[in-house]
Amino acid sequence: MGKLWLICIASISILLPFLCNAFSPETPTDRRVLVLLDDFAIMSSHSLYFNALKSRGFDLEFKLADDPKIALQRYGQYLYDALILFCPSVERFGGSIDVAAIVNFVDSGHDLIVAADVNASDLIREVGTECGVDFDEDPSAMVIDHIGYAVSGTEGDHTLIASDDFIKSDVILGAKKIEAPILFRGIGHAVSPANSLVLKVLSASPSAYSANPKSKLSTPPPLTGSAISLVSIVQARNNARLLITGSLSMFSNRFFRSGVQKAGSQTKHGKSGNEQFLTEISKWIFHERGHLKAINVKHHRVGETDEPALYRINDELEYSVEIYEWSGTSWEPYVANDVQLQFYMMSPYVLKTLSSDKKGLYSTSFKVPDVYGVFQFKVEHQKLGYTSLSLSKQIPVRPYRHNEYERFIPAAYPYYGAAFSMMAGFFIFSFVHLYSK
Amino acid sequence: MSNSYTSDILKPFKLKTKQQELLIRVLILCLVYILAFITRLFSVLRYESMIHEFDPYFNYRTTLYVTQHGFYDFWNWFDYESWYPLGRIVGGTLYPGLMVTAALIYRLLHFLRFAVHIREVCVLTAPFFASNTTLVAYFFGKEIWDSGAGLVAAILIAVCPGYISRSVAGSYDNEGVAIFALLFTFYLFVKAVNTGSLAWGLASAFGYFYMVSAWGGYVFIINLIPLYVLVLLITGRYSMRLYVAYNCLYILGMLLAMQIRFVGFQHVQSGEHMAAMGVFFLMQVFYFLDWVKHMLSDTNLFQEFLRITVTCAVAVGGIALGVGMASGYISPWTGRFYSLLDPTYAKDHIPIIASVSEHQPTAWSSFMFDFHILLFLFPAGLYFCFKRLSDATIFIVMYGLTSMYFAGVMVRLILVATPAVCLISAIAVSATVKNLTVLLRSKTKVAQIGSTKGTSSAKASSKASLDQSQPFQKNGAMALLFGAFYLLSRYATHCTWVTSEAYSSPSIVLAARGAHGNRVIFDDYREAYFWLRQNTPLDAKVMSWWDYGYQITAMGNRTVIVDNNTWNNTHIATVGRAMSSYEDEAYEIIRSLDVDYVLVVFGGVTGYSSDDINKFLWMVRIGGGVFPVIKEPDYLVNGEYRIDKGAAPKMLNCLMYKLSYYRFGEMMTEYGKPPGYDRARGVEIGNKDIKLEHLEEAFTTSNWIVRIYKVKPPNNRW
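Each chain has its residues counted from 1, following the order in which its sequence is written. Whichever chain is written first is A, and whichever ligand is written first is 1; the rest continue in order. Two thresholds apply to this predicted model, a pLDDT of at least 70 for residue-level local features and 80 or more for giving and counting side-chain atom pairs, whereas whole-chain, interface and lining totals are computed over all residues. Heavy atoms from the whole structure form the basis of all side-chain values; hydrogens and water molecules are not counted.

Engineer: Tell me what's going on with the sheet that holds strand β21 (residues 340-345) of chain A, and back it up with residues and numbers.
Structural biologist: Residues and elements named next belong to chain A. Taken together, five strands build an open sheet; the order of strands is β18-β26-β25-β21-β22 and the sheet is mixed. Here the strands that pair on one side only, and so sit at the sheet edges, are β18 (311-312) and β22 (347-353). What makes two strands pair is DSSP finding at least two bridges between them. Numbering of helices and strands starts at the N terminus; helices are DSSP runs of H or I of at least 4 residues and strands are runs of E of at least 2. Bridge analysis of strand β25 (residues 373-381) against strand β26 (residues 389-398) gives nine bridges, and the strand direction is antiparallel. In the strand pairing of β26, Gly 373 is matched with Val 397.

This is the structure in structure tokens:
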């Protein structure tokens, strides 16, 4: 019996790493993804997108949004690493999921993709608000662009727009340039000005506006021009990544395959940019790109190797840190020339750019300022698209000890001379005074 | 037979009158020595052997450090757990006398194989030195008057509440040792002046060194003694004895004092010490003139010379002082010194000094409380001193008068006045009692032996002769004697009562009477500090008003932003600003200081009145002194400080208000009063619906006296 237990425990402890091969600091890429749908038809109509995810090794689990059995966590453990909400019209999630649960899911470091659409429910709008974007409040409003629309067979109402106003970041959108415009049909949103973390990835053209296409425009539309964001991303402070868009159909097979010609443009692309755009951005969302880690933070006096408990003023010291980037499968050295180190106490006393050896090791050396106090080694590396690196290490800097000052100062030799000659003079004087008659 | 045998045996033990007197005197001194010690033990019996109040906790922490790391590490100690992120060079910013003394006692006890804990040593240091002070008082009294006055002085000072207030067991503060050192230095100096001996002068220099190492109050010595010398010079009492005593004290004392890092070159550079230096030079001029006078026979020539010399000396001194001040070589007087000379100075210019309750001008009642009958014995003693003026009595008179003035300026300086008051009162008591007893005895003597008045003084004899004409003189003297003893016994009763009721509270554990007359103990401070110690990360930073800084580092072992060593006004003002700002503004300050926890003291539930809300206006004033965005009128309504519904809107929403009254609106504190009734201020609070955005309640002690809040990290998605 005891043996059996032993075997059980041994096998569990061996299997445990494989059972939990989910998101972890070591392999930041997501593995288990929950996809919530309005109905299962989306599975087939958006199969190209899902298959692209599956082919990259993601374990997709499709559930109806109002399925009463769905849950994000069990026994305090999250069951998924990421959540895709392709359920724009859901009024109420099934199971234990609600807006607060989704917010907690994100706040504990998990990723989220939200696709709204025309007639998006209040619930989805609320999720958007929590993420720092405000969808157009008019439920039937769509983004209309009479100049930047996509040319199609029928004249239509210009709600199918072709946009190519991307954010300029290779980390988010991949190194390969997206040639074809993106087809978009759906609602627009504005990023909340109070939120400093949300970024517009795909903006509408200056001629776009958000209104109900079926009714006459009586009042000026609340959202106009490039203030309208079509696709936005958020990288939260805990590096959870979020994607919000107002169009579910931009993920669909039909948009993926369809050709696109932007109104007023002569070039006709055989295939829209949707597939490339959305696949690349999903790589970013699921941490296959732009995820940094810093390890082996070391600092020591020049000529020593051990980290001291505190420094003295005017010590020469060396600081090094290794920074790696996750490539989706392995950690590669992160190469940049703008990683800076601060030696900080209320304000940076030393600000130095770390030099890189192109193998991930960043190092520098400097002299501790002539100020004592509790300093911090701070690396605040916040670069568009990358996870924010924020390292801080507290280190006190003490003044000289009483016996670390110079014993004899050349400038003081006159004073030494004065003192000693005084002593000698006093001695001679006393002697003469006492013994001369 | 056997009787005569025992008397034969006892014969060698039979003492002469002189020996009997000595024996009685020694016996009395021993009793006084023990009495001074045990009367200070009320606090240990009432509570436990613990360190009291605020500053003693820092002293305790540093003493612990000395015993653990040795003297040199202590000397160079850079403490990064206080004044985050500036840190504090402890070795260079304190008077190490107390800690070194306690550490030496601790070492000695361990050498003698008494395995005591350092805390016990610290707790009992002050009573021990109080006992020693009684001995010094005896010798001092003997030096300035006679041994009777010395004995009375020893008894008076042993139980005087003014001294006990700073030297009960557990009150491990500099003053406990410093009063001993102060009196000892004065005694040695007076001895040196009386004898003109270089040895006593040397001893007084070392006494001064000990005083400098123990307390910043040494400035009093280094100003009083020059003043005394100056008075002697002016009154024509200049003598070689004075010259030797003062020069020895000044030169050696200065050299020794400069070895204390906290004093260093201040001793020759700061304005407070200039008087001593000036008098030193004046003394040399005097000596020189004396010599010239001795050499010159012509008085007219000497007068001429005198005029030229004095003019030159004054001019040179004035120019030197002016140049020194202008070049910044001589630093001007510090604010503390100004506030001593001018009681209103601190109120207008340095709120941080004025905010401390013990820096307030003294109320008449506290003079009465601390001195009792000494208050009217003091003028009587002055009278006796003036009647028998000598170098020594001039000194004690000057000491008494100056220290009484300072005692009137600041409550805490009653302590400095106490020895002088006790000594002068002792002269009064001793002289009166002596006169009365002489009166009583001389009459019988007159009756018996007639005209033998060898022992009694001329005064007594004249009184005795006067006495023969007044038949009720003896009865009157008897009555007066009884009256004196009655007063003295009242004094003893009063002292014991004050000690046990008022001065033996550790102030870190509060005691109150419950509804049924039982004693209720509020041990909230220690509860909170132990919570901090057990539940927060080791490098957590705690922000609180500076009063609690020492206690948090000593008992909670966590880093604090500001503490009772108020060396950086800006830093304290930053904390004051955070406490008096709205929560979101305060949050930015809190983040910039890397604060993890905010601690406030709140007395609304228990009725404990010295809490942060009552101190809040000082935070506003100190914060506003550096950051003009904080304005005191914003927190007042028509110049009135209130916290109820009529309070100023900024008051109701500032961080301190929110942290103090968070969730308090739901609470019933007193029967028959609405929820949210603040018992410390006796009003219902004005903002009961307090929501915290950036902070969350982490811990509140059982009586709500200490409340600790955790600072939340910034919003994840915003």
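Now that the structure has been shown, we can carry on.
Engineer: Residues and numbers for a negative patch on the surface, please.
Structural biologist: Taken together, the side chains of Asp 584, Glu 585, Glu 588 and Glu 693 of chain B make up a negatively charged region of the molecular surface. Relative to the helices and strands, Asp 584 of chain B is located in helix α29 (residues 583-592). Patch membership requires over 30% relative accessible area and the absence of a salt bridge. Like charges are linked within 9 Å, and nonpolar side chains (Val, Leu, Ile, Met, Phe, Trp, Tyr) within 5 Å. Surface exposure here means Shrake-Rupley accessible area, sampled with a 1.4 Å probe, where a residue is shielded only by the protein chains that are shown. Just to be clear on terms, a salt bridge is a Lys or Arg side-chain nitrogen sitting within 4 Å of an Asp or Glu carboxyl oxygen. Charged residues are defined narrowly, with Lys and Arg counted positive, Asp and Glu counted negative, and His plus the chain ends left uncounted. Where a charge lies is defined by one atom per residue type, namely NZ (Lys), CZ (Arg), CG (Asp) and CD (Glu).

Engineer: Lay out the sheet that holds strand β6 (residues 559-560) of chain B with the relevant residues and their values.
Structural biologist: Strand order across the open sheet formed by five strands is β6-β5-β7-β11-β10 (chain B), with mixed pairing between neighbours. Since the sheet does not close on itself, it has two edges, and those belong to β6 and β10 (695-700) of chain B, each with one partner.

Engineer: Would you mind going over the UniProt feature "domain: OST48 middle" (unreviewed entry) in chain A in detail, with residue names and values included?
Structural biologist: UniProt positions are given in the numbering used here, feature names are shortened, and annotations may be inferred rather than shown by experiment. Taking the numbering used here, the UniProt-annotated feature "domain: OST48 middle" (unreviewed entry) corresponds to residues 299-437 of chain A. This span, residues 299-437 of chain A, is 17% helix and 43% strand, and a straight line between its end C-alpha atoms measures 73 Å.

Engineer: So what's going on with the domain arrangement of chain A? Which residues, and what values?
Structural biologist: For the purposes of this description, domain bounds are those given by an automatic or database domain assignment. Partitioning chain A into domains gives domain 1 (14-285), domain 2 (291-398) and domain 3 (410-437). Taking only C-alpha atoms, the centre of domain 1 of chain A and the centre of domain 3 of chain A are 92 Å apart.

Engineer: So, the interface of chain A and chain B: which residues are in play, and what are the values?
Structural biologist: One frequent convention defines the size of an interface as the accessible area lost when the parts assemble. By the convention used here, residues are in contact when the closest approach between their heavy atoms is within 4.5 Å. Between chain A and chain B, the residue contacts involve 29 residues of the former and 19 residues of the latter. In total, about 2200 Å² of surface goes out of reach between chain A and chain B, with carbon and sulfur atoms giving 57% of it. For the interface between chain A and chain B, the tally reads three salt bridges. For the salt bridge of Asp 107 of chain A with Arg 717 of chain B, the shortest nitrogen-to-oxygen distance reads 2.9 Å. Within 3.5 Å is the distance limit for a polar contact, defined as a pair of N or O atoms, with the added protein rule that one can donate a hydrogen and the other accept it, and that residues adjacent in sequence qualify only through two side-chain atoms. Between the two partners, chain A and chain B, sit 12 residue pairs in polar contact (both at pLDDT 80 or more). Take the accessible area each of two parts loses on contact, using a 1.4 Å probe, and add the two losses: that sum is the buried area.

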